[in-house]
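Commentary on secondary and tertiary structure
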Amino acid sequence: MTTGDQVSDTSLQLPADVISIARARAFVDDAVRRWGVRPHEALPLLTSEVVTNAVVHTDAEWVEVRVRRQGARARVEVLDHDPRQPVVEPRDLSAPGGFGMWLVEELARSWGVTPINDGKVVWFELELEPGSAEPAP
């Protein structure tokens, strides 16, 4: 959907499997490039982290990845059917793993969790970077 105020969105449903993480990252990158802007440098990392949480730390069978343009921002949403909320804990930088939501909190312009009937939507927003990307055909 695209309107005069530059709101558009697209979504993709994927199996809740680690192979879906790369597909989600490519899907989000492609959607942003279709808008004719360069993806924010943190977009692939944050997409990977939120999708990884959904496929590794939930009992969901599938996830839905949605990317929305809202003016000068990109909003990535990951829907899963597990009501447990992600947790951001203070990190011991010398310990391996567990940095997913901490990275989202540190790098995203904003982020949050929206409960739905049978699960949740974890989302984050990043500023769009004007310039060099050409819209896809």
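Now for a description of the structure that goes with this document. Here the residue numbers are simple positions, counted from 1 along each chain's written sequence. In keeping with the model being predicted, local features are shown solely for residues with a pLDDT of at least 70 and side-chain atom pairs are shown and tallied solely at 80 or more, while totals for entire chains, interfaces and linings include all residues. Hydrogens are left out, water is left out, and the side-chain values use all remaining heavy atoms of the structure.

1. Here's the deal with the overall build of the chain
- Summing up its helical and strand segments, the chain has 3 helices and 5 strands in all.
- To qualify as a helix, a DSSP run of H or I must reach at least 4 residues; to qualify as a strand, a run of E must reach at least 2; elements of each kind are numbered from the N terminus. When the helices and strands of the chain are listed from N to C terminus, the series reads β-α-α-β-β-α-β-β.
- Residue exposure (1.4 Å probe, protein chains only): buried if accessible area is under 20% of the type maximum, exposed if over 50%, otherwise partly exposed. Among the 137 residues that make up the chain, the fraction classed as buried is 42%.
- The contacts in the chain between residues at least 6 apart in sequence include a share of 65% that link residues at least 24 apart.
- Surface accessibility of the chain: about 7,400 Å² in total, with carbon and sulfur atoms responsible for 52%. The contact criterion used is simple: two residues touch if any of their non-hydrogen atoms lie within 4.5 Å. What sets the accessible areas is the Shrake-Rupley method with a 1.4 Å probe; for residues, cover comes only from the shown protein chains.

2. Some words on the pairing of strand 2 (residues 62-70)
- Two strands make a pair as long as DSSP finds a minimum of two bridges between them. One ladder, built from 8 bridges, connects strand 2 with strand 3 (residues 73-80); its direction is antiparallel. By the bridge assignment, glutamine 70 is partnered in strand 3 with arginine 73.

3. Brief notes about the pairing of strand 5 (residues 119-127)
- The buried count for strand 5 comes to 8 of 9 residues, which makes it a mostly enclosed element.
- With 8 bridges connecting them, strand 3 and strand 5 associate as antiparallel partners. When the sheet's bridge partners are listed, arginine 75 is paired in strand 5 with glutamate 125.
- Relative to strand 5, strand 4 (residues 110-116) runs antiparallel, the two sharing 7 bridges. Counted as the bridge partner of serine 110 is glutamate 125 from strand 5.
- Turn length for the strand 4-strand 5 hairpin, with the two strands adjacent in sequence and antiparallel, is 2 residues.

4. A look at the side chain of asparagine 53
- Tracing the backbone through its elements, the reader meets asparagine 53 in helix 2 (residues 43-56).
- Residue classification places asparagine 53 among the buried residues on the basis of a relative accessible area of 19%.
- In contact with asparagine 53, not counting residues within four places along its chain, are Thr58 and Met101.

5. Some thoughts on the nonpolar core
- Grouped together as the largest cluster of nonpolar side chains are 31 residues, with contacts concentrated most on Val32, Leu46, Val65, Val67 and Phe124.
- Elements represented by at least two residues in this core include exactly helix 1 (19-34), helix 2, strand 2, strand 3, helix 3 (100-107) and strand 5.
- Residues within four places of phenylalanine 124 in sequence aside, it is in contact with Leu43, Leu46, Thr47, Val50, Ala74, Arg75, Val76, Val104, Ala108, Ser110 and Trp111. Among buried residues, those of type Ala, Val, Leu, Ile, Met, Phe, Trp, Tyr and Cys that are joined through side-chain atoms within 4.5 Å constitute a nonpolar core.

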